[in-house]
Amino acid sequence: MFNVRKPFYITRGVKEEIHPVLIKEMIDSVMRLKKSVAVDYLQIFKFSQEGDKTWIEHIQEEPAHKKTLMFKGIPNKFEEKVYIIDNGNYITVLLADEY
């Protein structure tokens, strides 16, 4: 799961709603997680905003994992969920409502 050599597809919705730095940080978070535990095919990222801080809660269900990331000074108004899915052949980054 989540081999960087697989093709990555990022939906238009993600590209329009989320700053590229935050997209990269979500992918990097999955790759860091992969070094320490088994990763599930579905990675969930919940966004929230507090002033100039963006909070991203990275969650996977099996095995259970939760980590909170904080970024300051990166423009963001998005406050919903993003999924990163590895279907075995490629990896897709999409808004939850695009699923």
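This section reports on the structure supplied with the text. These figures come from a predicted structure and were not determined experimentally. (Residues numbered from 1 in each chain as written. Predicted model: local features only at pLDDT ≥ 70, side-chain atom pairs only at ≥ 80, totals over all residues. Heavy atoms only, no water.)

## Here we look at the side chain of D40
Inclusion rule: For the purposes of this entry, the term helix denotes a DSSP run of H or I that reaches at least four residues, the term strand denotes a run of E that reaches at least two, and both are numbered from the N terminus. Remark: exposure states derive from per-residue accessible area (1.4 Å probe, protein chains only) relative to the maximum for the residue type, with buried under 20%, exposed over 50%, and partly exposed in between. Here the positive residues are Lys and Arg and the negative ones are Asp and Glu; neither His nor the chain ends is included. Only one rule defines a salt bridge in this text: a Lys or Arg side-chain nitrogen within 4 Å of an Asp or Glu carboxyl oxygen.
Mapping D40 onto the fold places it in the loop between α2 (20-34) and β2 (42-50). One buried charged residue, D40, remains without a salt bridge, the closest side chain of opposite sign being K6 at 12 Å.

## Observations regarding the side chain of D86
For clarity, the threshold we go by: Whenever two N or O atoms come within 3.5 Å, that pair is a polar contact, provided that in protein one can donate a hydrogen and the other can accept it, and provided that, for residues adjacent in sequence, both atoms are side-chain atoms. A contact between two residues is defined here by any heavy atoms of the two lying within 4.5 Å.
One can find D86 in strand β5 (residues 81-86). Classification of D86 as buried rests on a relative accessible area of 1%. A distance of 2.4 Å separates a polar atom in the side chain of D86 from the backbone nitrogen of F2. At 2.7 Å, the side chain of D86 and the backbone nitrogen of G88 are in polar contact. Leaving out residues up to four positions away in the same chain, D86 has contacts with M1, F2, N3, K6, Y41 and I91.

## Things to note about the nonpolar core
Put simply, the test is: Throughout this description, the term nonpolar core refers to a set of buried Ala, Val, Leu, Ile, Met, Phe, Trp, Tyr and Cys residues connected via side-chain atoms within 4.5 Å.
I18, M26, F45, F47, V82 and I84 are the most contacted members of the largest nonpolar core, which has 23 residues in total. Counting residues per element, the ones that place at least two in this core are α2, β2, β4 (65-72), β5 and β6 (91-95). Apart from residues no more than four positions distant in its own chain, F45 is found in contact with M26, S29, V30, I56, E57, H58, E80, K81, V82 and I84. Of all hydrophobic cores here, the second largest spans 6 residues; its members include L42, I44, Y83 and I85.

## Regarding α2
Our working definition: To estimate how far a helix should extend, the number of its residues minus one is multiplied by 1.5 Å.
Compared with the 21 Å implied by 1.5 Å per residue over 15 residues, the 21 Å span of α2 between its first and last C-alpha is a close match. Every buried residue belonging to α2 is among L22, I23, M26, I27, S29, V30, M31 and L33, and all of these are buried.

In short, the description is geometric, and any link to function would need to be established separately.
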